[in-house]
Amino acid sequence: MKKNPKSYKKPLLMGLLVLALLLTYFYRNNLINFFEKAKQRPSKSATSTAVLTSLTSSNTVNKDAILSKGSKGEAVRMLQKLLNDKHRQNTPTFTPLLVEDGKFGALTETMLKKYTNKTSISINQLLKALQ
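Here goes a summary of the coordinates provided.

Basis of the calculations
- Residues numbered from 1 in each chain as written.
- Predicted model: local features only at pLDDT ≥ 70, side-chain atom pairs only at ≥ 80, totals over all residues.
- Heavy atoms only, no water.
- Helix = DSSP H or I, 4+ residues; strand = E, 2+ residues; numbered from the N terminus.
- Buried < 20%, exposed > 50% of the residue type's maximum accessible area, 1.4 Å probe, protein only.
- Contact = heavy atoms within 4.5 Å.
- Areas by Shrake-Rupley, 256 points an atom, 1.4 Å probe, with all protein chains shown as cover.
- 1 Å grid on protein atoms, 1.4 Å probe; cavity = no way out; pocket = protein on both sides within 12 Å on 5 of 7 lines; lining within 4 Å.
- Points joined across faces, edges and corners; volume = space filled by probe spheres on them.
- Polar contact = N/O pair within 3.5 Å; in protein donor to acceptor, adjacent residues only side chain to side chain.
- Salt bridge = Lys/Arg side-chain N within 4 Å of Asp/Glu carboxyl O.

Section: the overall build of the chain
Of regular secondary structure, the chain possesses 6 helices and 0 strands. Reading the chain from its N end, one meets helices and strands in the order α-α-α-α-α-α. Burial status across the chain gives 25% buried among its 131 residues. Contacts spanning at least 24 positions in sequence make up 64% of the contacts within the chain whose residues lie at least 6 apart. When the accessible surface of the chain is totalled, it reaches about 9,800 Å², and 60% of it is carbon and sulfur.

As structure tokens, then:
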């Protein structure tokens, strides 16, 4: 006769717990390095200051133009750079960074919505929202 599946529940959970503990023990150095790297990231103000300096030095881009899906150009590239900088500050980052290609596509829109809850925005509005 077969045993009731509920009778396997406790041993299965205990086995998974032991497996998790063993993996944690053997990969403890990797885990320590991961969390130490997260502590060594630059501060938010240092990154924001560097980005603001680079943005204000560029006079060729209209920072008040509204960017939305389908937009292209240097302003979109700046938008992608700002979103990537914000994304790097959030640890751990499981989702990939945007490709800074100057094309406002679905991935750019998704990341913009993640940080601002908007689907279209200007550079100046984004700078205010990210601070």
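Here the narrative resumes, following the displayed structure.
Regarding the layout of surface pockets
The computed volume of the largest pocket comes to approximately 230 Å³. If you go around the largest pocket, you meet 15 residues; those closest to its centre are Pro-96, Leu-97, Leu-98, Leu-107 and Met-111. A total of 6 residues in the lining of the largest pocket trace back to one element, the largest contributor, which is helix α5 (residues 106-116).

Considerations on the environment of Ser-71
Relative to the helices and strands, Ser-71 resides in the loop between α3 (44-57) and α4 (74-89). Note on Ser-71: relative accessible area 18%, which makes it buried. Between the C-alpha atom of Ser-71 and that of Lys-103, which follows or precedes it by 32 residues, the distance is 6.2 Å. Sequence-distant contacts of Ser-71, defined by excluding residues within four places in its chain, comprise Val-76, Gly-102, Lys-103 and Phe-104.

Some words on the side chain of Thr-108
Note that Thr-108 resides in helix α5. Judged by relative accessible area, Thr-108 falls into the buried class, the value being 3%. A polar contact of 3.1 Å, which involves the side chain of Thr-108, links it to the side chain of Gln-80.

Brief notes about the pattern of salt bridges
This structure, assessed with the given rule, holds 3 salt bridges. Between Arg-77 and Glu-74 there is a salt bridge, with its nearest N and O atoms 4.0 Å apart. One end of the pair is Arg-77 and the other is Glu-74, both in helix α4 and 3 residues apart, which spans about a single turn. Between Asp-85 and Lys-81 there is a salt bridge, and its shortest N-O distance comes to 3.8 Å. One end of the pair, Asp-85, and the other, Lys-81, are both in helix α4, 4 residues apart, so they sit about a helical turn from each other. Assessed through its relative accessible area of 10%, Asp-85 is described here as buried.

What is shown is where atoms sit, not what they do.
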